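Tertiary structure, described
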Amino acid sequence: MIRVAVLDVDGVLTYFRSAWMHLHRILGTDAWATINRDAYRAGLINYRDWALVDALLWFGVPKTWVEPPVTLRKGAVELLKLLRNNGIRVIALSGGLNYTEVPIKDYVDYFISNELIFDEDYSLISVKVNVESKDFIKDLLGKLGVTWDQVLAVGDSDMDLPILKSARYSIAYNPLSEEVANTARVIINSDTLYPVIDVINAILKGDVYVK
């Protein structure tokens, strides 16, 4: 029985793979962001330092500029409604930024992401890193009294590996690496989330047996 669904946001519920890079492209800071990203991947800075220097590229920018409209992937709302209508708690877990919460906040029980910080004039001054790794989700599941055998996980990137490895029901959606694809029980490549809905419906009806 599925009691909790842990869903990645960027690249799953949204078309863009990274809320960070999506915002960089909008604000024209993507060239500098690439330098920061390469420094992190090379091990020159840690995740928290990367997040800080990346967010500081937007220092002083008005809050309205860093809260762009988000277009959800086709099938996203239907997927969220399906889960809620079946009494499944939904945790949206993102290594991105909190502006992606706006279009899904009415459909999820928990939204966890990194948060942009503003001063009293609503100008951006920093970032609060809440999702350096997705390992911490086990603590929330413990508080909810839920075991991994009762969890459905949907993700696409290496950051999602901890939940895909642990969840009884795991779906790699347009996986970005071979390891992600090999870790999940189900692999789906699609422009929409309707195939994910079909798989979940099959699980709920008992048409799919998962050890």
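Residues numbered from 1 in each chain as written. Predicted model: local features only at pLDDT ≥ 70, side-chain atom pairs only at ≥ 80, totals over all residues. Heavy atoms only, no water.

The next thing to look at is a nonpolar patch on the surface. Taken together, the side chains of Leu52, Leu56, Phe59 and Ile125 define a hydrophobic patch exposed on the protein surface, amounting to about 340 Å² of accessible area. In this structure, Phe59 sits in the loop between helix 3 (47-55) and helix 4 (76-85). Residue class for Phe59 comes out exposed when judged on its relative accessible area of 55%. (Patch = residues over 30% accessible without salt bridge, like charges linked within 9 Å, V, L, I, M, F, W, Y side chains within 5 Å. Areas by Shrake-Rupley, 256 points an atom, 1.4 Å probe, with all protein chains shown as cover. Salt bridge = Lys/Arg side-chain N within 4 Å of Asp/Glu carboxyl O. Helix = DSSP H or I, 4+ residues; strand = E, 2+ residues; numbered from the N terminus. Buried < 20%, exposed > 50% of the residue type's maximum accessible area, 1.4 Å probe, protein only.)

In this structure, the C-alpha to C-alpha distance between Phe59 and Ala184, residues 125 residues apart in sequence, is 39 Å. Aside from chain neighbours lying at most four places away, what touches Phe59 is Leu124 and Ile125. (Contact = heavy atoms within 4.5 Å.)

Let us now look at the packing of aromatic side chains. What the rule picks out here adds up to five aromatic pairs. A ring pair is formed by Trp20 and Trp58, whose centres lie 6.1 Å apart and whose planes are at 25 degrees; its orientation type is stacked. Taken together, the residues span a long stretch of sequence, with Trp20 in helix 1 (residues 19-27) and Trp58 in the loop between helix 3 and helix 4 at a distance of 38 residues. For the pair shown, Trp20 and Trp58 are each scored as buried. Each ring, one from Tyr40 and one from Trp50, has its centre 6.0 Å from the other, and the planes form 35 degrees; the classification is tilted. (Phe/Tyr/Trp six-rings, centres within 6.5 Å; stacked < 30°, edge-to-face > 60°.)

This next bit is on the pattern of salt bridges. Evaluation of the coordinates by the stated rule reveals six salt bridges. A salt bridge links Arg37 to Asp38; the nearest nitrogen and oxygen atoms lie 4.0 Å apart. Of the charged contacts, one joins Arg48 and Glu132 as a salt bridge, the two residues approaching to 2.9 Å between their closest N and O atoms. Residue Arg48 is found in helix 3, and its partner Glu132 is found in the loop between strand 4 (124-128) and helix 5 (137-144); the two are separated by 84 residues along the sequence.

It is worth spelling out the pairing of strand 6 (residues 169-173) at this point. Burial within strand 6 is extensive, with five of its five residues counted as buried. Of the two faces of strand 6, the one holding Tyr169, Ile171 and Tyr173 and the one holding Ser170 and Ala172 are both buried throughout. Looking at chain direction, strand 5 (residues 151-155) and strand 6 are connected through four bridges and run parallel. Opposite Ala153, over in strand 6, you have Ser170 as the bridge partner. For the segment spanning strand 5, helix 6 (residues 161-166) and strand 6, crossover handedness is right-handed. Note: strand 6 against strand 7 (residues 186-188), three bridges, orientation parallel. Within strand 7, the residue paired with Tyr173 across the bridge is Ile188. Taken together, strand 6, helix 7 (residues 178-183) and strand 7 constitute a β-α-β crossover, and its handedness is right-handed. (Pairing = 2+ DSSP bridges. Right-handed = clockwise from strand over helix to strand, strands pointing away.)

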